[in-house]
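Structural features, examined
Chain residues, written in single-letter form:
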Amino acid sequence: MNATEQLELKVKPNAGVQLRDGFTGGLGVVLATLGSAVGLGNIWKFPYLTGANGGAAFLIVYLLSTLLVGLPVMISEHMLGREARSEAVHAFLKLSPNKKIPWWLVGASGVLAAFMIMAFYTEVAGWVFAYIFKALGGGIFTTDPAVTEAAFVNLISNPWLSLGIQWVVLAAIGLIILQGVAKGIEKTAKRVMPVLFGLLLIVVVRSLTLDGAAAGLNFLFMPDFSKLTGAAILTAMGLAFFKLSIGMGTMITYGSYYGSEQNIPVNAARVMLGDLLVSLLAGLAIFPAVFAYGVEPDAGPSLLFITIPTVFASMPFGHFFMVVFFLLTSLAAVGAMLSLVEVPVAFLTEKFTWSRKTATLVVVFGLAVTGSLAALSNSVLADVKLLGFTFFDLFDYFSQNVLLPVGGLFIALFVGWVFGWKKVEQALTNRGALKNTRLVRLFFLVTRFVTPVLVLLVLLNGFGVFGK
Ligand code: PFF
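Residues numbered from 1 in each chain as written. Predicted model: local features only at pLDDT ≥ 70, side-chain atom pairs only at ≥ 80, totals over all residues. Heavy atoms only, no water.

1. Details of the packing of helix α4 (residues 40-52) against helix α14 (residues 264-292)
The geometry of a pair of packed helices is captured by two quantities: the angle between their axes and the separation between those axes. Packing of α4 against α14 leaves a shortest axis separation of 9 Å and a crossing angle of 65°. As for how α4 packs across α14, the hand of that crossing is right-handed. For the pair α4 and α14, contact is made by Asn42, Ile43, Phe46, Pro47, Thr50 and Gly51 and by Asp275, Val278, Ser279, Leu280, Ala282, Gly283, Ile286 and Phe287, respectively. Classifying every residue of the contact of α4 with α14 by side-chain character gives 8 nonpolar, 5 polar and 1 charged. (Axes fitted to C-alpha atoms, helices over the stretch in contact; angles between N-to-C directions. Helix = DSSP H or I, 4+ residues; strand = E, 2+ residues; numbered from the N terminus. Left-handed = near helix turned anticlockwise from the far one by under 90°. Contact = heavy atoms within 4.5 Å. Nonpolar A, V, L, I, M, F, W, Y, C, P; charged D, E, K, R; others polar.)

2. Observations concerning the packing of aromatic side chains
Under the defined criterion, the tally for this structure stands at 31 aromatic pairs. Ring centres of Phe219 and Phe287 lie 5.2 Å apart, and the angle between their planes is 55°; this geometry places the pair in the tilted category. Highlighted residues: Phe219 in helix α11 (residues 214-221) and Phe287 in helix α14, separated in sequence by 68 residues. Accessibility classification places Phe219 together with Phe287 in one group, the buried group. Across the ring face of Phe242, the terminal group of Lys45 is positioned such that the distance to the ring centre comes to 4.8 Å. Above the face of the Trp417 ring, Arg448 is positioned so that its terminal group lies 3.7 Å from the ring centre. (Phe/Tyr/Trp six-rings, centres within 6.5 Å; stacked < 30°, edge-to-face > 60°. Buried < 20%, exposed > 50% of the residue type's maximum accessible area, 1.4 Å probe, protein only. Lys NZ or Arg CZ within 6 Å of the ring centre and 35° of its normal.)

3. Structural notes on the pattern of salt bridges
Two side chains of opposite charge can pair, provided their charged atoms sit close to one another. Applying the stated criterion across every chain, the model contains 6 salt bridges. Taking the shortest distance from any N to any O, the salt bridge between Lys45 and Asp396 comes out at 2.6 Å. Of this pair, Lys45 sits in helix α4 while Asp396 sits in helix α18 (residues 391-428), placing them 351 residues apart in sequence. Lys227 serves as the salt-bridge partner of Asp224, at 3.8 Å between the closest nitrogen and oxygen. (Salt bridge = Lys/Arg side-chain N within 4 Å of Asp/Glu carboxyl O.)

4. A word on the site of the ligand
Around the ligand, the structure places 16 residues, and the nearest of them are Gly41, Tyr121, Phe242, Lys243 and Thr250. A distance of 3.1 Å is found between an oxygen atom of the ligand and a backbone nitrogen or oxygen belonging to Leu40. For the ligand, whose unbound accessible area comes to 340 Å², protein coverage reaches 100%. Elements represented by at least two residues in the shell around the ligand include exactly α3 (27-37), α4, α7 (104-137), α12 (230-244) and α16 (318-352). (Near = heavy atom within 4 Å. Polar contact = N/O pair within 3.5 Å; in protein donor to acceptor, adjacent residues only side chain to side chain. Areas by Shrake-Rupley, 256 points an atom, 1.4 Å probe, with all protein chains shown as cover.)

Below is the structure:
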């Protein structure tokens, strides 16, 4: 810091904050944060998990998880990040009163989770990008699932192609991250999110106006609780974590870029609702069409790549809608990947005072290495299994169903029992500037008592501790 900056800091206590890159405020903050939440989770995972777990009943558990677990953890993370002005590891180091308890491990597990998620996420994003071209070329424009399946298997079982598309994705994301928080992440989100939304609406209208669309609506909104197992409940909660990018410090890092005037609870509620809207729209784009053409919705992860193309191929103007669909899915993936890369980049720049450039290069190379384990899971490494999972499935399962919920549990415990009411009140009322004390108290009570108990019960139940 030079002499002028030091002087500035003395005169304006907040001036130091400006020295750090951050979001510029207003709509940009919401869109950047929403950009992290919205992603393949909404358009790939949400539909296939809802499809495979019986529809509406799963959706209800997912909604409850979002409200009682997702929102409180998101508010907690934004608050911790802004209070500490640090990414997750350093945020816990700064805010924890008892340095002997290693709270920073929560942040460290987040860095690990970022690597695991990016490993398979970049691969799926790569498939989606490849599908834009396949859709344009017409190669997957067929109603014969045997043909779309062959096309998909060809793509994922080609080792060089799998690695190549992953590297292209990584390079593109790295280039945006290099531009910084305001000029890279926020600017991209401001451009991408409205387009994504518009394209999604186009596909929804198409799907809803097909003959036989009502069966899809029934599936999505009429619950049948008999399908709901303990494992499915854990999946729904894990999905809520994954969807909202919480439980791994991503939102702590983003919170550290928030201005001190941001209304954190309102902001988080907007992001949660916005994300939910995108998931529901994705459901409305997919299920009515799937049911209209009598296709089964329970294909699992390949729903998007094998089932969906045949559905588009069956409908009038389907070629156009198929291109639009894969385009919007790839756009959705961008903001999420930016936030996933930002987690380790922010950690390295803070820990080793590296430049953003060095940190980004190191992270992108590291991701190319771990990512290759996932990218090659359908070819060279198909027979390498840990605990019965390929690397791809292990990274996916372990991050979503273990690391994120456990991380979220500790974040809620930290806020409810360590950080405490006085500091929470100060932080979330913006030091008394906002008249929202009752709301903040409700948030605090839920975070202290309800969220941790729910997460713990769902985890134990999901792993069969209470019996099958
Ligand atoms: N929320 C993203 C999605 O639903 O696609 C995925 C994600 C992004 C998870 C960032 C975790 C994260 F930190």
